[in-house]
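Coordinates in review
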Amino acid sequence: MTSIIDYDAGNLKSVEKALAFLGEESVITRDPETILGADRVILPGVGNFGDAMEQLNRLGLTEVIREVARRQIPFLGICLGLQLLFESSEESPGAEGLGILKGRILRIPDTEGLKIPHIGWNSLTLEHEGRLFEGFTGEPYVYFVHSYYLQAEDPQIVKASTEYGVHIHASVEQGNVFACQFHPEKSGSVGLKILQNFIKCQ
């Protein structure tokens, strides 16, 4: 069973629907015991970094998520959920992230001909044999919606990257912590296969 963390940051139902399509039972919850008792945990989210951290702190979920990581329960951050795993973001100076992974969240630079936020399909360059991308070849296309991007401190945790005016670390993996800047639940058959690979992680 998968727990989808509810902290009023949206995008929960589409994740739940994608998991149901794959035959995976899930529950949308903010209950610490339910989260820590799950086989795996997903932190989706769209919106502002600082507001989201405020919500996680207010709901008492910050330490719960850190405990999920400590217990090595497979954990997947999606979009804003990826960014929150890191220490801070240019979007919200002074707001402290979860600090589970090391790296910087930066604003996508203004580039002639490119719109921000970055909304649309981009191809991924796969590297370092990420478990989410097991069975993939070539450069799979996935769907992005974001104005800020990750620059991970350790290049070895980066499992997929993309280009959009700048080199973007699009997916990372460290131990049983996984994260995607793109939306697998909105990325068609490619995204479903990524979620299926996550479900298989022990």
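The coordinates are above.
**Some remarks on the pattern of salt bridges**
Under the counting rule described, the total for this entry stands at 11 salt bridges. The partner of Asp 110 in a salt bridge is Arg 107, with the nearest N and O atoms 3.4 Å apart. We classify Arg 107 as partly exposed; its relative accessible area is 36%. Across the pair Arg 131 and Glu 173 runs a salt bridge whose closest N-O atoms are separated by 3.0 Å. Of the two residues, Arg 131 is situated in the loop between strand S7 (125–126) and strand S8 (141–146) and Glu 173 in strand S11 (residues 167–174); the sequence distance between them amounts to 42 residues. Among the residues examined, Glu 173 registers a relative accessible area of 12% and is labelled buried. Members of the salt-bridge network, linked through shared partners, are Glu 63, Arg 66, Glu 67, Arg 70 and Arg 71.

**A look at the sheet that holds strand S1 (residues 2–5)**
Taken in spatial order, the eight strands of this open sheet run S2-S1-S3-S4-S12-S11-S10-S7, and their pairing is mixed. Across the chains shown, the open sheet's two edge strands, defined by having one partner strand only, are strand S2 (26–29) and S7.

**A few points about the side chain of Asn 122**
Within the secondary structure, Asn 122 is located in strand S6 (residues 118–123). Within the structure, Asn 122 has its side chain in polar contact with the side chain of His 118 (distance 3.0 Å). Not counting the four nearest positions on each side in its chain, Asn 122 is found in contact with Pro 140, Tyr 141, Val 142, Phe 144, Thr 162, Glu 163 and Tyr 164.

**Here we look at the pairing of S11**
Across the eight residues that make up S11, a large majority, six, are buried. Note: strand S10 (residues 158–163) against S11, five bridges, orientation antiparallel. Note that in S11 the partner of Thr 162 across the bridge is Ile 168. What sits between the antiparallel neighbours S10 and S11 is a turn of three residues, in which Gly 165 has the positive phi angle 75°. In terms of strand pairing, S11 meets strand S12 (residues 177–180) through four bridges, oriented antiparallel. Bridge pairing links Gln 174 to Val 177 in S12. Adjacent in sequence and paired antiparallel, S11 and S12 are bridged by two residues, among which Gly 175 carries a positive phi angle near 60°.

So, how was this worked out
- Residues numbered from 1 in each chain as written.
- Predicted model: local features only at pLDDT ≥ 70, side-chain atom pairs only at ≥ 80, totals over all residues.
- Heavy atoms only, no water.
- Salt bridge = Lys/Arg side-chain N within 4 Å of Asp/Glu carboxyl O.
- Buried < 20%, exposed > 50% of the residue type's maximum accessible area, 1.4 Å probe, protein only.
- Helix = DSSP H or I, 4+ residues; strand = E, 2+ residues; numbered from the N terminus.
- Pairing = 2+ DSSP bridges.
- Polar contact = N/O pair within 3.5 Å; in protein donor to acceptor, adjacent residues only side chain to side chain.
- Contact = heavy atoms within 4.5 Å.

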